[in-house]
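Below, each chain spelled out in residue letters.
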Amino acid sequence: MPTMQLPTHRNTPEDTLINEMPRGWSAENQGLYRSSEVRILVLDDDASVCRVIQAALAPHDFKVIVQADPTEMRSTLESQPYHLIILDYVIPGLDPEQTLAWLREYQPHASIIVVTAYPSIDSALSCLRARTYDYLTKPFAITQLQQTVLRCLEGRGLLRMSESALRKSLGNAIRERRKALNLTLAQMAQRTGVSLGYLSQIELGKNSASIETLYSISLGLGIKIADLFQTIQTGN
């Protein structure tokens, strides 16, 4: 049987970015869930970049609106409030400072992530003054954008950690701290007065620990309970 020759296809930058996306990537897979509807606006004159970003955030079931027409961007900003805006810093026909002024006027409560193919100290300082959440240089890895978006939304309380994910993260933080101190589970049980079996279940994320138990574990690890939870947050 003759072999069918398929037409060759040259990858575009858009193809490359899409192929970089981890399969099955979503907030739910990372133990996060939406506390309410999340509205995201993408402003970029390159329609292919808009499509890539929209596809990258699709697994979350976010409401992602894209606008690639510079003449329509102001009206889009006026149309409704957004939680997060992903902005291309250099858009033909628009002055960056004017665009940032529109964001302050029409979207005062939105977080801003700036992306640019023309990074400079001046633009970075301008974004810093505008209190943007982050400043990413094109081309950027899709995973970098995804994680930046997650951190931003989680910090605003729009994404929250599920109970099971919290148990696993807390257990992992306890285990890593114990190992750093070169303590065995048996030694840790002796230090804290918590049974060996219960400690093992907590570290595996299979059991929730009471505040009293976490207090005992924190003392055994030489840290405060607040520091333990801070470790979880900074580890995301």
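Definitions and cut-offs
Residues numbered from 1 in each chain as written. Predicted model: local features only at pLDDT ≥ 70, side-chain atom pairs only at ≥ 80, totals over all residues. Heavy atoms only, no water. Helix = DSSP H or I, 4+ residues; strand = E, 2+ residues; numbered from the N terminus. Buried < 20%, exposed > 50% of the residue type's maximum accessible area, 1.4 Å probe, protein only. Pairing = 2+ DSSP bridges. Axes fitted to C-alpha atoms, helices over the stretch in contact; angles between N-to-C directions. Patch = residues over 30% accessible without salt bridge, like charges linked within 9 Å, V, L, I, M, F, W, Y side chains within 5 Å. Areas by Shrake-Rupley, 256 points an atom, 1.4 Å probe, with all protein chains shown as cover. Salt bridge = Lys/Arg side-chain N within 4 Å of Asp/Glu carboxyl O. Expected span 1.5 Å × (residues − 1).

A.B. asks: Which residues make up the overall build of the protein, and what are the values?
C.D. replies: For the protein, the count of helices and strands is eleven helices and seven strands. Taking all 236 residues of the protein together, 40% fall into the buried category.

A.B. asks: How would you summarise the sheet that holds strand β3 (residues 63–67) if you had to cite specific residues and measurements?
C.D. replies: Strand pairing in a sheet relies on backbone hydrogen bonds. The paired strands run either parallel or antiparallel. The parallel open sheet is built from five strands, whose spatial order is β3-β2-β4-β5-β6. Edge strands, defined here as strands with exactly one partner in the open sheet, are β3 and β6 (134–137). Direction aside, neighbouring strands of the sheet carry axes that sit 15° apart on average. Sheet topology places strand β2 (residues 39–43) next to strand β4 (residues 84–88); four bridges connect them, and they run parallel. By the bridge assignment, Val42 is partnered in β4 with Ile86.

A.B. asks: Break down a nonpolar patch on the surface for me, citing the residues and quoting the values.
C.D. replies: A surface patch of nonpolar side chains, about 340 Å² in accessible area, is lined by Ile121, Leu125 and Leu128. Looking at the element boundaries, Leu125 is found in helix α5 (residues 121–129).

A.B. asks: I'd like to hear about helix α7 (residues 163–180), residue by residue, with values.
C.D. replies: With 18 residues, α7 extends 26 Å between its outermost C-alpha atoms, agreeing within 8% with the 26 Å of an ideal straight helix rising 1.5 Å per residue. Three or more residues of α7 are buried, namely Ala165, Leu170, Gly171, Ala173, Ile174 and Arg178. Backbone geometry just downstream of α7 places Asn182 in the positive-phi region, at approximately 60°.

A.B. asks: Before we move on, can you summarise the pattern of salt bridges with the specific residues and values?
C.D. replies: Note that side chains of opposite charge can pair when their charged atoms are close. Under the defined criterion, the tally for this structure stands at four salt bridges. The closest approach of N and O atoms between Glu37 and Arg39, which form a salt bridge, is 3.2 Å. Look at Glu37 and you get partly exposed, because its relative accessible area is 43%. Relative accessible area serves as the criterion here: at 17%, Arg39 is assigned to the buried category. Here Arg178 makes a salt bridge to Glu203, at a shortest N to O gap of 2.7 Å.

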